[in-house]
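Descriptive analysis of the structure
What follows is each chain in one-letter form.
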Amino acid sequence: MQRAAVFDVDGTLVDTNHLHVTTWWEALRQAGHQVPMHAVHRAIGLGSDDLVAHLLGDDRDKDQDDELSAAHKALYGQYFDRLPALQDAGRLLRRLDRDGWRVVLATSAGGAELAALRRAISADDAIMATASADDVTEGKPAPEPVEHALELAGVPAEHAVFVGDTVWDMRAGSRAGVRCVGVLCGGIPRSDLEEAGAQAIYDDPAHLLASLADSPLA
């Protein structure tokens, strides 16, 4: 039976969460919204529309949503040529590929942003497919991104593991019926990840790679 290793990207394989925090904070500030950075941080991992709704509430001026998203995209796009992969991210994906796992990315990024992230990871030879924001109607914490990744891999949920760094990742994976592994490199506390469904937690991709033999990805 084939196995699938599904990975979130931002904050899991590439060290971008705090870039997103800063650029979302600035986009919101420019539009007149004073949102604390810690609140923005907790919302990272949601798709743009859901993130704005989460931070500003249902009584916001929804006509402004597209402008906020565009402002964030423009600010964040300044970093596309220097996004830093987390230590051993590419090595981890290649090791899993050699071990027979079908490696699939499940991310709210799309288009040029996703291309920049994949360049940072530099492991396209190990990535079978990508379920991006362009492919689904609902982002995390809905299960659709993980379910689509499993469809691309051709693997049932009981033979898959999802690795992510946010509570939204853990909730999406749990709702899709896969085993969930959390990493702390996105800045979310261990207890929050565990409460959201993480069955095992590692510091970062390097820690997971060094611990593979005793992990859900053994």
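Heads up: the structure comes first, above all this text.
Bear in mind that the values here come from a model prediction, so they are computed numbers and not experimental data.

Once that is clear, we can look at the pattern of salt bridges. Proximity of charged atoms lets side chains of opposite charge pair with each other. Scanning the entire structure with this criterion turns up ten salt bridges. The salt bridge partner of D65 is R60, with a shortest N-O separation of 2.8 Å. With relative accessibility at 9%, the residue D65 sits in the buried group. Looking at R60, the relative accessible area reads 15%, which means it is buried. Salt bridges sharing partners connect three or more residues here, namely D8, K140 and D169.

What follows covers the pairing of strand β4 (residues 160–164). With five of five residues buried, β4 is to be regarded as a mostly interior element. Of the two faces of β4, the one holding A160, F162 and G164 and the one holding V161 and V163 are both buried throughout. The pairing of strand β1 (residues 3–7) with β4 spans four bridges and is classified as parallel. Its bridge partner being in β4, A4 is matched across the sheet by A160. Across four bridges, β4 lies against strand β5 (residues 179–183) in parallel orientation. Each residue of the ladder has a partner; that of G164, found in β5, is G182. As for the winding sense of the linkage, the β-α-β connection from β4 through helix α8 (residues 167–176) to β5 is right-handed.

This paragraph deals with the nonpolar core. One finds V40 and V178 to be the most contacted residues of the largest nonpolar core, which totals 39 residues. Here this core gets five residues from one element, more than from any other, and that element is α8. Those residues in contact with V178 that lie beyond four places of it in its chain are V146, L150, A157, A160, F162, G173 and Q199. Membership of the second largest hydrophobic core comes to 36 residues, among which are L13, Y76, V103 and A123.

Criteria and cut-off values
- Starting from 1, residues in each chain are numbered consecutively following that chain's sequence as written.
- pLDDT decides what is reported in this predicted model: residues at 70 or higher carry local features, side-chain atom pairs at 80 or more are listed and counted, and totals for whole chains, interfaces and linings draw on all residues regardless.
- As a convention, hydrogens and water are excluded, and side-chain values are obtained from all of the structure's heavy atoms.
- When a carboxyl oxygen of Asp or Glu is within 4 Å of a side-chain nitrogen of Lys or Arg, the pair counts as a salt bridge.
- Burial classes follow relative accessibility: with a 1.4 Å probe on protein chains only, a residue under 20% of its type's maximum area counts as buried, one over 50% as exposed, and anything between as partly exposed.
- By the criteria applied, helices consist of DSSP H or I runs no shorter than four residues and strands consist of E runs no shorter than two, each listed in order from the N terminus.
- At least two DSSP bridges between two strands are required for those strands to pair.
- A clockwise path from the first strand over the helix to the second, with the strands pointing away from the viewer, defines a right-handed crossover.
- As used here, the term nonpolar core means buried Ala, Val, Leu, Ile, Met, Phe, Trp, Tyr and Cys residues forming a set that is joined through side-chain atoms within 4.5 Å.
- Here, residues are in contact when the closest pair of their heavy atoms is within 4.5 Å.

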